[in-house]
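# Structural description and commentary
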Amino acid sequence: MRIGLLGCGTVGQAFVRTIAGQGETVARASGRRLEIGPILVRDATRARPGIAPAQLTTDPQDVLSDPEVDVIVEVMGGIEPTATYLRQALQGGTPVVTANKQLMSRQGADLLTLAETSGTELRFEASACAAIPVIKVLRESMLAAEISAVTGIVNGTTNYILSEMARAGLSYQEALAQAQALGYAEADPTEDVGGADAAAKMAILASIAFHTNVHFDDVPYEGIDGVHAEDLELARDLGFVVKLLGVARLGNGGISVRVHPALVPERHRLAAVMGPDNAVLLESGTVRQIMLVGPGAGGTETASAILADVLSILGTAKGSFLQNALVDAGRPLLRPDQTESAFYIRLRVMDRPGVLAQIATAFAEAGLSIRSVIQRGEGEAARLVLVTHVGSESRMNAAVAAMRDMDEVRSEPVLLRLLAEDAA
Ligand code: NAP
Ligand code: HSE
């Protein structure tokens, strides 16, 4: 499957890297190999890593009229000339995948109709919340779930800025500069901080959730430009965190969609969503609440959603790989003792000099590092709780076996595993 790219900036370059990295997996599962064909940019003289200069062009027809191109991925952004290019592709029957919320929130309904009448597909998962498959969930899994509200943190840049101002005491300008350097922000970051980017995403999500065409112009929005460090501190003192929220509701006989900064109670699930992560809370009469959380911005993260859309196009074609049996990649299954974790161990020991040292030696000889220790005296005995750093289950088993052999250990060690981000 040959992919023509419109744009090769933060997201486009990450997409090229993703195809290079995941090509084998895709080929094994689908029987089709993905390859990047011609790439449209504004400046073809600038070198881009992993991309042959001959692939770059400044003539859109090199991509749009290439008969070898099977699908077009649009990551150039903006309304025009992008809309004209996508119309040409769809009219010609070429499927299109886009990450462009500016365009989809203004012309999405027309473009989808054009795709349908041309007998082709237009996919746009990456246009809202980057790596989170929220559009797929709304369009497919929750199509008939009677959604009554969509509440979300749908802009990664502003969530990053608010998080870093509160967590690390960065100034607004410092946090924004970091978000730009990390590839989260739009080419024009006022789209992010002013709330327009979130409004575009909420228009897209509300349109799908409520089966009604919501245009970008229907969404009143405010950004975080008026929120000061002082507000974050005062909100914290009151038990809240400040988030830029998108709120879409069905009620009072209609739909309301808006974007504004809001105080969220510290214990609310949305309050825990930090950095460039996004979250969308879907409320429904039938399934109560479902919350989707994950990376909401960034080149690699967005490329993942674009690849998912390309694979959907590949996978849903007649006789395609989604109808085939699961492909066996031949990976070995690990035994439990080959896995890793951090551990909590509780045991009763005699409260005598040297016992703690003996226990510590058992851990050291097993090659496990101790993170913390609590000892509580209980008469002649003591309750000992140790928490380790991440280590293999086989090392933990060796330490437990050594402790069982000690006379000073008076109970069977109780072993619990910790949920640790760095464990395998
Ligand atoms: P970017 O870094 O600014 O890249 C834009 C690319 O498009 C560049 O390669 C640019 O060419 C090319 N381009 C722009 N206008 C063009 C024109 N008129 N003709 C030819 N080429 C043109 O933008 P990005 O961050 O990758 O974002 C791309 C799209 O993805 C946008 O719609 C954005 O909203 C969306 N998106 C971004 C993220 C994210 O985290 N960054 C997440 C989700 C969705 P040059 O390289 O020559 O300048
Ligand atoms: N600029 C956007 C954001 C990229 O920060 O959320 C993801 O759409």
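Residues numbered from 1 in each chain as written. Chains lettered and ligands numbered in written order. Predicted model: local features only at pLDDT ≥ 70, side-chain atom pairs only at ≥ 80, totals over all residues. Heavy atoms only, no water.

Following the criterion strictly, the structure yields two aromatic pairs and no others. With a centroid separation of 5.7 Å and an interplanar angle of 45°, the aromatic rings of phenylalanine 216 and tyrosine 221 are classed as tilted. Judged by its relative accessible area of 38%, tyrosine 221 falls in the partly exposed class. Just above the ring of phenylalanine 216 sits the side chain of arginine 106; from NZ or CZ to the centre is 3.9 Å. (Phe/Tyr/Trp six-rings, centres within 6.5 Å; stacked < 30°, edge-to-face > 60°. Buried < 20%, exposed > 50% of the residue type's maximum accessible area, 1.4 Å probe, protein only. Lys NZ or Arg CZ within 6 Å of the ring centre and 35° of its normal.)

Turning our eyes to something else, we now look at the domain arrangement of the protein. Assigned domains of the protein: these are domain 1 (2-123 + 302-323), domain 2 (134-295) and domain 3 (340-423). Centre-to-centre, using C-alpha coordinates, domain 1 lies 54 Å away from domain 3. (Domains from an automatic or database assignment.)

Close contacts around ligand 1 come from 26 residues, with Cys8, Asp43, Arg48, Glu186 and Gly298 the closest. One of the backbone N or O atoms of aspartate 43 is found 2.8 Å from an oxygen atom in ligand 1. In this structure, glycine 298 approaches ligand 1 through a main-chain N or O atom, which is 2.7 Å from an oxygen atom. Surface burial for ligand 1 is 87%, taken as the share of its 910 Å² of free accessible area covered by protein chains. Breaking the shell around ligand 1 down by element, the ones donating at least two residues are α1 (10-30) and α4 (101-117). Class assignment for the residues of the shell around ligand 1 results in 11 nonpolar, nine polar and six charged. (Near = heavy atom within 4 Å. Polar contact = N/O pair within 3.5 Å; in protein donor to acceptor, adjacent residues only side chain to side chain. Areas by Shrake-Rupley, 256 points an atom, 1.4 Å probe, with all protein chains shown as cover. Helix = DSSP H or I, 4+ residues; strand = E, 2+ residues; numbered from the N terminus. Nonpolar A, V, L, I, M, F, W, Y, C, P; charged D, E, K, R; others polar.)

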